[in-house]
Amino acid sequence: MSNTPSLPWKRLITEGAVIVGSILLAFAIDAWWDGHKDNEDLREILSLVKLETDANLAVLADSTARHVDIHAAIETAKDARSIATVYRRAVIQVEVFEPTSNALNTLVSTGTLGLIDDFDLRLALMAIEGFSRDLAERELAAVSFRNEARRRIASLGVRISEEIPPSSTSFTDIEVLNLLTMRAVEEQHAIDAGRKLAAHLQSISAKLDALSNP
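The rules behind the values
Residues numbered from 1 in each chain as written. Predicted model: local features only at pLDDT ≥ 70, side-chain atom pairs only at ≥ 80, totals over all residues. Heavy atoms only, no water. Helix = DSSP H or I, 4+ residues; strand = E, 2+ residues; numbered from the N terminus. Buried < 20%, exposed > 50% of the residue type's maximum accessible area, 1.4 Å probe, protein only. Contact = heavy atoms within 4.5 Å. Areas by Shrake-Rupley, 256 points an atom, 1.4 Å probe, with all protein chains shown as cover. Core = buried A, V, L, I, M, F, W, Y, C linked by side-chain atoms within 4.5 Å. pLDDT = per-residue confidence, 0-100. Axes fitted to C-alpha atoms, helices over the stretch in contact; angles between N-to-C directions. Parallel < 35°, antiparallel > 145°, perpendicular 65-115°, else oblique. Left-handed = near helix turned anticlockwise from the far one by under 90°. Nonpolar A, V, L, I, M, F, W, Y, C, P; charged D, E, K, R; others polar. Phe/Tyr/Trp six-rings, centres within 6.5 Å; stacked < 30°, edge-to-face > 60°. Expected span 1.5 Å × (residues − 1). Polar contact = N/O pair within 3.5 Å; in protein donor to acceptor, adjacent residues only side chain to side chain.

**What about the overall build of the protein chain?**
- A tally of helices and strands in the protein chain yields 5 helices and 0 strands.
- Ordered by position in the sequence, the α and β elements of the protein chain form the string α-α-α-α-α.
- Counting across all 214 residues of the protein chain, residues that qualify as buried make up 32%.
- Once local pairs closer than 6 in sequence are excluded, the contacts in the protein chain between residues at least 24 apart make up 80%.
- A total of about 13200 Å² of accessible surface is found on the protein chain, and carbon and sulfur atoms cover 58% of it.

Following this line, the structure appears as structure tokens:
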């Protein structure tokens, strides 16, 4: 009979199982904690996105109202064939919407956007850039025609920074009126684009409200 002591297989198996179980439990805890932190981070940044969205909506409403005012002034000038009564609104005034996007940019750049379970909300957040770009392009076109009208008035020997005498021929200059007519078209496009962006932001705000108040 051999004098070699038998290995305590049951004890070794039990201890091994405990060690493996401990390692797996540690991984599970780490995964849970990471997920918990991710969820906390997501909730925090989405609350900032909500505040940012609502702030942009308020600014956009004012911006769109100014575009409407400019457009109305140009229509008045077209009907009267003169910019005499609407000179400052039709020629001087300019409007460009400038949203804030720090929270949204952080959501995208940190990869937190991918943690949002609501697929429609993810798509909506990603689509903001496209709606904003469309508005910016329309505004840029309107500003371009406005600047052309100012240059035309200046070429007639009128200082833009000064009050124009009522007798000035620049008020009824056909080229100025044509440039403003083209500006009116782009102003209307800007109004339409602004309203589309506003509707989109309102939808996002409602979705974020639903997430924070399930």
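**Quick notes on the side chain of S63**
- Residue position: S63 is located in helix α1 (residues 9-80).
- When residues no more than four places from it in sequence are discounted, the contact partners of S63 are E95, V96, F97 and E139.

**A word on the nonpolar core**
- Core analysis: the biggest nonpolar cluster contains 24 residues, and L60, L107, I116, L125, L135 and I204 have the highest contact counts within it.
- Secondary-structure elements contributing two or more residues to this core are α1, α3 (102-109), α4 (119-155) and α5 (174-212).
- With 7 residues, α5 is the largest single contributor of residues to this core.
- Beyond its immediate chain neighbours, meaning those up to four positions away, I116 contacts L42, L46, L107, L121, R122 and L125.
- Of all hydrophobic cores here, the second largest spans 20 residues; its members include I70, I74, I83 and I160.

**Points about the confidence of the model for the protein chain**
- Here the protein chain shows a mean pLDDT of 85. Residues at 70 or above account for 81%.
- Within the model, the stretch residues 25-33 combines pLDDT values under 50 with 0 contacts to residues more than four positions away or in other chains.

**Digging into the packing of α4 against α5**
- Relative orientation of the contacting elements α4 and α5 amounts to 160°, with a least axis distance of 8 Å. The angle between the axes of α4 and α5 places the two elements in the roughly antiparallel class. Every pair of crossing elements has a handedness; the one defined by α4 and α5 is left-handed.
- Among the residues forming the contact of α4 with α5, the class breakdown is 23 nonpolar, 4 polar and 13 charged.

**Some remarks on the packing of aromatic side chains**
- Counted by the stated rule, this structure contains 1 aromatic pair.
- For the ring pair Y87 and F171, a centre distance of 6.3 Å and an interplane angle of 70° mean the geometry is edge-to-face. Of the two residues, Y87 sits in helix α2 (residues 87-92) while F171 sits in the loop between α4 and α5, which places them 84 residues apart along the sequence.
- The buried category is assigned to F171, whose relative accessible area is 6%.

**Quick notes on α5**
- Compared with the 57 Å implied by 1.5 Å per residue over 39 residues, the 56 Å span of α5 between its first and last C-alpha is a close match.
- Between a side-chain oxygen at the N-terminus of α5 and the backbone nitrogen of E175 the separation is 3.2 Å; the capping residue is D173.

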